[in-house]
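# Understanding the architecture of this molecule
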Amino acid sequence: MKKNRFFIDCHQDIAYSIRANNRPLDTNDSRYMITLKETLKSKLGLIFSTIFVSHVKREKRYREAILQFKEYEKIFKHYNSFYTVKKNEDIKLKIKNKIGLLFLMEGADPIRNLSDLDMFYDKGLRVLGLTWNKENNYAFGTSKSGPLKKEGYKLIEAMNEKKVTLDLSHLSYKSFWDAINITKLLPIATHSNSYYLRRHKRNLTASQLRGISNKGGTTGIVLYNDFICNKSPVSMDDLFKQFKYLLSKCGEDHIALGSDIDGAPLEDFPEGIRKSSDLYKIIEMLEKKRVKSKIIDKFASQNILRVLKENLA
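Read on for an overview of the structure. (Residues numbered from 1 in each chain as written. Predicted model: local features only at pLDDT ≥ 70, side-chain atom pairs only at ≥ 80, totals over all residues. Heavy atoms only, no water.)

## Things to note about the overall build of the protein
This is how the line gets drawn: What counts as a helix is a DSSP run of H or I of at least four residues, what counts as a strand is a run of E of at least two, and both are numbered from the N terminus. All radius of gyration figures rest on C-alpha atoms, and the globule criterion is 2.2 Å times the number of residues raised to 0.38. Here the term buried applies to any residue with accessible area under 20% of the maximum for its type, exposed to any over 50%, and partly exposed to those in between, with areas from a 1.4 Å probe on protein chains only. Contacts between residues were defined by any pair of non-hydrogen atoms, one from each residue, lying within 4.5 Å. Under the convention used here, a 1.4 Å probe and the Shrake-Rupley method define accessible areas, while residue burial counts only the protein chains that appear. Positive charges come from Lys and Arg alone, negative charges from Asp and Glu alone, with His and the N- and C-terminal ends not counted. By convention, the charge on Lys lies at NZ, on Arg at CZ, on Asp at CG and on Glu at CD.
Each helix and strand counted, the protein has eleven helices and nine strands in total. At 18 Å, the protein has a C-alpha radius of gyration in line with the 20 Å of a compact globule built from 313 residues. Taken along the three principal axes of its C-alpha coordinates, the protein extends 50 × 45 × 35 Å. Across the 313 residues that make up the protein, the buried fraction comes to 60%. Taking contacts inside the protein between residues at least 6 apart in sequence as the whole, the part at least 24 apart equals 71%. A total of about 13600 Å² of accessible surface is found on the protein, and carbon and sulfur atoms cover 48% of it. Counting 56 positive and 37 negative side-chain charges, the protein places the centres of these two groups 2 Å from one another.

## Considerations on empty space enclosed by the protein
Under the convention used in this document: Using a grid of 1 Å spacing that covers the protein atoms alone, one calls a set of points a cavity when a 1.4 Å probe fits there but cannot get out, and a pocket when the set is open and has protein on both sides within 12 Å along at least five of seven lines; lining residues are those with an atom within 4 Å of a point. Grid points are joined across faces, edges and corners, and a volume is the space filled by probe spheres set on the points. Only Asp, Glu, Lys and Arg are considered charged in this grouping, and only Ala, Val, Leu, Ile, Met, Phe, Trp, Tyr, Cys and Pro are considered nonpolar; every other residue, Gly among them, is considered polar.
Applying the stated criterion across every chain yields a total of two cavities of 30 Å³ or more. Empty space within the largest cavity amounts to approximately 40 Å³. Around the largest cavity, the lining residues are Ile221, Leu223, Leu239, Phe243, Leu257, Ile282 and Phe299. Here the residues of the lining of the largest cavity sort into seven nonpolar, no polar and no charged. Lining the second largest cavity are Ile14, Leu25, Ile34, Thr39, Ile75, Phe82 and Leu101. Residue composition of the lining of the second largest cavity, grouped by class: six nonpolar, one polar and no charged.

## What about the layout of surface pockets?
To find the voids left in a structure, one rolls a probe of water-molecule size over its atoms. Counted as a void, the largest pocket has a volume near 540 Å³. Considered class by class, the residues forming the lining of the largest pocket number nine nonpolar, five polar and nine charged. Around the second largest pocket, the lining comprises 18 residues; the ones closest to its centre are Trp132, His170, Phe227, Asp260 and Gly263. Among the residues making up the lining of the second largest pocket, the classes are represented as five nonpolar, seven polar and six charged.

## Some points on the packing of helix H7 (residues 206–214) against helix H9 (residues 236–250)
Stated precisely, the cut-off is as follows: To get an axis, fit a line to the C-alpha atoms, keeping to the stretch in contact for a helix; angles then go from 0 to 180 degrees between the N-to-C directions. Geometric relationships in this document are graded by angle, where less than 35 degrees denotes roughly parallel, more than 145 denotes roughly antiparallel, 65 to 115 denotes roughly perpendicular, and other angles denote oblique. The handedness criterion is simple: a crossing whose near helix is rotated anticlockwise from the far helix by less than a right angle is left-handed, and one whose near helix is rotated clockwise is right-handed.
Contact geometry of H7 with H9 gives a least axis separation of 9 Å together with a crossing angle of 60 degrees. Considered as vectors, H7 and H9 are oriented oblique to each other. Considering how the two elements wind past one another, H7 and H9 form a crossing that is right-handed. Here H7 contributes Ala206, Leu209, Arg210 and Ser213 to the contact with H9, which in turn contributes Tyr245, Leu246, Lys249 and Cys250. Taken together, the residues of the contact of H7 with H9 break down into five nonpolar, one polar and two charged.

## Some details on the pairing of strand S2 (residues 46–51)
What counts is decided by this rule: Strand pairing is assigned whenever DSSP identifies at least 2 bridges connecting the two strands.
With six of six residues buried, S2 lies mostly within the body of the structure. Alternating positions in S2 separate into two faces, Leu46, Phe48 and Thr50 on one and Ile47, Ser49 and Ile51 on the other, with burial throughout. Here strand S1 (residues 8–12) runs beside S2; their pairing, made up of three bridges, is parallel. Bridged to aspartate 9 within S2 is isoleucine 47. Pairing geometry for S2 and strand S4 (residues 99–106), over six bridges, is parallel. Bridging from a neighbouring strand, phenylalanine 48 pairs with leucine 102 of S4.

## Here we look at the packing of aromatic side chains
The condition is simple: The pairing test for Phe, Tyr and Trp rings, Trp by its six-membered ring, is centres within 6.5 Å, and the orientation test on the planes gives stacked under 30 degrees, edge-to-face over 60, and tilted for anything in between. Note on criteria: charge over ring means Lys NZ or Arg CZ within 6 Å of the ring centre, with the direction from the centre no more than 35 degrees off the ring normal.
Following the criterion strictly, the structure yields 15 aromatic pairs and no others. Taking the centre distance of 5.4 Å and the plane angle of 85 degrees together, the rings of phenylalanine 7 and tyrosine 280 count as edge-to-face. Note that phenylalanine 7 is positioned in the segment before S1 and tyrosine 280 in helix H10 (residues 280–288), a separation of 273 residues in sequence. Residue classification places tyrosine 280 among the buried residues on the basis of a relative accessible area of 5%. Its end group placed over the ring of tyrosine 121, arginine 126 keeps NZ or CZ at 3.7 Å from the ring centre.

## Section: unusual backbone geometry
Of note, the bond from serine 232 into proline 233 is cis; its omega dihedral lies within 30 degrees of zero at -5 degrees. Looking at where proline 233 falls in the secondary structure, it is placed in the loop between helix H8 (225–228) and H9. Positive phi outside glycine occurs at histidine 170, with the angle close to 85 degrees. In this fold, histidine 170 is placed in the loop between strand S6 (165–167) and helix H6 (173–182). A positive phi angle, near 65 degrees, is found at arginine 290, a position not held by glycine. Look at arginine 290 and you get exposed, because its relative accessible area is 75%.

## With respect to the pattern of salt bridges
Close approach of charged atoms allows side chains of opposite charge to pair. As a reminder of what qualifies: Salt bridge, as used here, is a side-chain nitrogen of Lys or Arg placed within 4 Å of a carboxyl oxygen of Asp or Glu.
One pass over the full model with this rule turns up 23 salt bridges. Note that glutamate 287 is salt-bridged to arginine 5, the shortest N-O span being 2.9 Å. Highlighted residues: glutamate 287 in helix H10 and arginine 5 in the segment before S1, separated in sequence by 282 residues. Across the pair lysine 294 and glutamate 252 runs a salt bridge whose closest N-O atoms are separated by 3.6 Å.

None of the figures reported here should be taken as evidence of function without further support.
Written as structure tokens, this is what we have:
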């Protein structure tokens, strides 16, 4: 087993979970996967930490985004194990017990105009998905077919200028292709699985997976059971099938982890994944399955670090 492997998770709903459940990060409540204690034990060196606001009414989403950023500010103030990542130089690859948080907005509803993008960028926003399942001012989500909207084109153009990475998860098929064709940065799908293995509207087809890889991007394997397979319970072997398929379609340079933990109840994740420190079991599983060490290294962090090196200003 390789030691000191840098480990990245491309999708965790930290501030959302804290606010939606009215609970602290430093809790011993076993209902929550993301806690201070378990995150510090997770071996993660970098987390894409979301701003997720689609659970509140549309007119409240801007304010909710601001409040979630304030939750992250509290984390940085009270726990010196966490730090913000805005540029490549911020990533501390070899410092023990330090976890970088890079901000990802899951759905662009809080962005009322392009000046809001500037403001959120100043707060640390570096990855942005246009919508969360439903149609908004920018695009169509997976719940309804439709193309990228005029305001979506404008937003991606502004993202290109500011070097904000496009997250393609949650987009409708037509909006996906419109968006990926105009981004000038390496695109990512932070948390999406294979539609071939699990025919769920949130998953990506083989052509979409290859489209991301062909532009140099990455796809993050998501741990939500319903995106893995149509059975219960879901095992680590079921997750491994998704890994193998994405490896075959995306290539070893274009896969990552995007857990989506605390975006749903515990029972909606595979057996054995009940807290953030359990995420490293995925790495251990790949080692037991005799996946080549260089492929595990790429999956664990190298692929995402390559994207960040290219995309971050």
